[in-house]
Amino acid sequence: MIGRTMRVRQHVASASGPASFAALRDAVCRGREPPPVHVVAGLQSYRWFVVGTICVAAVMAWVDSSITQMLLPRLEREFGAKLSTVSWVAVAYLLAMAAFLPIFGRLADMVGRKLLYTGGFLLFTVGSALCGLAENLPVLIGFRVIQGIGASLLSANSVAIVVAAVGGAQRGRALGIVSAAQAVGFAAGPAIGGLVLNVLDWHWVFWINVPVGLAGTVLGWFVLPPTKELPADSRFDWKGAVLIAPALTALIAGVNEGYAWGATSPAFIGCALAAAILLTLFARSEQRAQDPLIDLRLFQKRAFAAANVAALMCYAALFGLFFLMPFVLVRAYGASTFTAGLRLTVLPVMLAAVAPLAGVLCDRLGPRLLTVSGMLICVAALALLFAVLDGAPASLPLVMLALALFGLGQGLFISPSNSATSVLLAWRLAVLTGSGHNTLHAGPPQLLSASRDVIVLLVAFATIGAATSFARHAATAEEPTPQ
């Protein structure tokens, strides 16, 4: 009944344009999505205006993601905080985004995408402004959760909006443009973050999102089309939605703080038990739900499961390295934040340059060769980084080469964790210096030694990614073709 009512409301769209007070009132009070402004909707190129609006969010989100990595060493020094606490500035955002992504994806299918997407822009903007006003780490981490929820609203709807707007014939081109926008944001983030941190206070890292987010909110309201063809009757999995967020929070809290609490501490044991119980309840709930948030039966397909593991390992290695290198470049090599950001840029720039070429080669060679070779190149790049990372200026060219090769390997894989990284880095620093609370008490030799240990972990991620990528394509070849 709820789904049917929502569907009727969507199809009885306000006759007023998006600039009218009536359209705003209907959106807030009745959940009605206004039509796009007529002067834009009537253009032959209207679909590309829609894609451009999605690209604004793609650039903003990836700039914020990579720029925050540059901020972590500054926050550690600014607040004299533990490394595990500082890492929550990044982890809380990703955790909120992951926990709410299936929830908002399901809600978008029920109530429409335009309002949720535009609301995501607005919530991300508000969260960014609040982060800029934060005066301590706990408050900043709390506001990062708001940011993450806004980013989840954007991510849950972006692909579906693009596909609905451009149709099947130009779907690949449109999604390629969005991927290019993500790469631009990812590449620009370290340099922008380094420049902002060198010239301005760290709060500006978040405030620079505000004008972009406001522009995106206006574009979403005036440009995006209302959602069509919503299901006549659908149910929302409230039980799954209630379970998934605390389950993931307990799991990540145990992983992120376990080394500091100790394996026998009540806090660690409590988080481990809570995570196990809640995840078990979530899995059982999803198996019984008529319309589950996550259809767990998909993971019974070897190709699907292997693809997800490979992607997880790929991104774990990528964001793990992005978490590690700002500390190494600033603390061990003595680089300014801006210089460190410029040097880190080589990785996403190489990734962005290779990814389109990999897409073309994938059509000719198939995905297995590219994805497996991409992860193997990442392994080789991390091995080189492990060998040359010594804090001496003479090794910087080889460090840059290793980062470029890693970006190349990622580009080959992506086209067709912070948490684990920070835990290992802090633990190794504790072993080497007797104080693993942050990197401030570690000299360059201890920091470099701990960093090489983290690189070994990233090698494992990339190796698993290569193996599971190979297994995924092998499983795909074995599965019978539908008749």
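Here the structure is a predicted model, which is why all the values come from computation and not from measurement.

Each helix and strand counted, the protein chain has 19 helices and 0 strands in total. Counting over 483 residues, the protein chain shows a buried share of 49%. Summing over all exposed atoms, the protein chain offers an accessible surface of approximately 20,800 Å²; the carbon and sulfur share of this is 68%.

Now for the side chain of Q147. Relative to the assigned elements, Q147 resides in helix 7 (residues 137-166). Residue class for Q147 comes out buried when judged on its relative accessible area of 0%. Apart from residues no more than four positions distant in its own chain, Q147 is found in contact with D64, Y93, F124, G127, S128, C131, F206 and N209.

What follows concerns helix 4 (residues 46-79). Compared with the 50 Å implied by 1.5 Å per residue over 34 residues, the 48 Å span of helix 4 between its first and last C-alpha is a close match. For helix 4, the principal kink sits at L71 and spans about 35°; a proline, P73, occurs within the next four residues. Counting buried residues in helix 4 gives 25 out of 34 residues, a clear majority hidden from the surface.

With the rule as written, the count across this model stands at 5 aromatic pairs. For the pair Y117 and F121, a centre-to-centre distance of 5.5 Å together with 85° between the ring planes defines the contact as edge-to-face. In this pair, Y117 and F121 both sit in helix 6 (residues 114-133), 4 residues apart, roughly one turn of the helix. Across this residue pair, the class does not change: Y117 and F121 are buried. Note on W204 and W207: the rings are 5.1 Å apart at their centroids and 85° apart in plane angle, and the pair reads as edge-to-face. On the criterion of helical spacing, the pair formed by W204 and W207 is a turn pair, its members being 3 residues apart in helix 9 (residues 204-207). A relative accessible area of 26% places W207 in the partly exposed class.

Counting residues in hydrophobic clusters, the biggest one holds 61 residues, and the most contacted among them are L75, L140, L321, M325, Y333, V399 and F406. By residue number, the principal contributor to this core is helix 13 (residues 302-332), which donates 15 residues. Core analysis: the second largest hydrophobic core is formed by 23 residues, Y46, M60, F124 and V178 among them.

Let us look at the environment of T85. Topologically, T85 is positioned in helix 5 (residues 83-111). Judged by its relative accessible area of 26%, T85 falls in the partly exposed class. Once you skip the residues sitting within four places of it in the chain, T85 turns out to touch L137, I141 and E257.

Let's shift gears to the pattern of salt bridges. One pass over the full model with this rule turns up 1 salt bridge. A salt bridge links R144 to D64; the nearest nitrogen and oxygen atoms lie 3.0 Å apart. Of the two residues, R144 sits in helix 7 while D64 sits in helix 4, which places them 80 residues apart along the sequence. The residues R144 and D64 share a single accessibility class, namely buried.

The predicted model of the protein chain has a mean per-residue pLDDT of 77, with 76% of residues at 70 or higher. In this model residues 1-15 is a low-confidence stretch, pLDDT under 50, and it forms 25 contacts with partners more than four residues away in sequence or in other chains. Contacts from residues 416-420, a stretch scored under 50 in pLDDT, to residues over four places away or in other chains number 21 contacts.

Next up on the list: the side chain of S265. Along the chain, S265 falls in the loop between helix 11 (238-261) and helix 12 (266-288). You can call S265 buried: its relative accessible area is 12%. From its side chain, S265 meets the backbone nitrogen of F268 in a polar contact 3.2 Å long.

Okay, the packing of helix 6 against helix 10 (residues 209-223) next. Between helix 6 and helix 10, the least distance of the axes is 9 Å, while the angle of their chain directions is 165°. Accordingly, the angle class assigned to the pair helix 6 and helix 10 is roughly antiparallel. Pair helix 6 / helix 10 crosses with left-handed handedness. Taken together, the residues of helix 10 that come into contact with helix 6 (itself represented by K114, L115, T118, F121, L122, F124, T125, S128 and A129) are N209, V210, G213, L214, G216, T217, G220 and W221.

Relative to the 44 Å expected for 30 residues at 1.5 Å per residue, helix 7 spans 43 Å between its end C-alpha atoms, a close match to the ideal helical length. Where helix 7 bends most, the angle comes to about 35°, and this point is N157. The residue sitting at the N-terminus of helix 7 and contributing the capping side-chain oxygen is N136; that oxygen lies 2.9 Å from the backbone nitrogen of V139. A positive backbone phi angle near 80° is found at G167, which sits one or two residues after helix 7.

Judged by side-chain polarity, L195, V199, L200 and W204 come together as a nonpolar surface patch covering roughly 380 Å² of accessible area. Secondary-structure assignment places L200 in the loop between helix 8 (171-199) and helix 9.

Glancing now at the packing of helix 4 against helix 5. Interaxial distance between helix 4 and helix 5 falls to 10 Å at its minimum, and their mutual angle equals 170°. One finds that helix 4 runs roughly antiparallel with respect to helix 5. Within the contact between the two elements, helix 4 uses A61, D64, T68, Q69, L72, L75 and E76 and helix 5 uses L83, V86, V89, A90 and Y93. Considered class by class, the residues forming the contact of helix 4 with helix 5 number 8 nonpolar, 2 polar and 2 charged.

Thresholds applied
Residues numbered from 1 in each chain as written. Predicted model: local features only at pLDDT ≥ 70, side-chain atom pairs only at ≥ 80, totals over all residues. Heavy atoms only, no water. Helix = DSSP H or I, 4+ residues; strand = E, 2+ residues; numbered from the N terminus. Buried < 20%, exposed > 50% of the residue type's maximum accessible area, 1.4 Å probe, protein only. Areas by Shrake-Rupley, 256 points an atom, 1.4 Å probe, with all protein chains shown as cover. Contact = heavy atoms within 4.5 Å. Expected span 1.5 Å × (residues − 1). Bend = angle between axes of the 7 residues up to and from the residue. Phe/Tyr/Trp six-rings, centres within 6.5 Å; stacked < 30°, edge-to-face > 60°. Core = buried A, V, L, I, M, F, W, Y, C linked by side-chain atoms within 4.5 Å. Salt bridge = Lys/Arg side-chain N within 4 Å of Asp/Glu carboxyl O. pLDDT = per-residue confidence, 0-100. Polar contact = N/O pair within 3.5 Å; in protein donor to acceptor, adjacent residues only side chain to side chain. Axes fitted to C-alpha atoms, helices over the stretch in contact; angles between N-to-C directions. Parallel < 35°, antiparallel > 145°, perpendicular 65-115°, else oblique. Left-handed = near helix turned anticlockwise from the far one by under 90°. Patch = residues over 30% accessible without salt bridge, like charges linked within 9 Å, V, L, I, M, F, W, Y side chains within 5 Å. Nonpolar A, V, L, I, M, F, W, Y, C, P; charged D, E, K, R; others polar.

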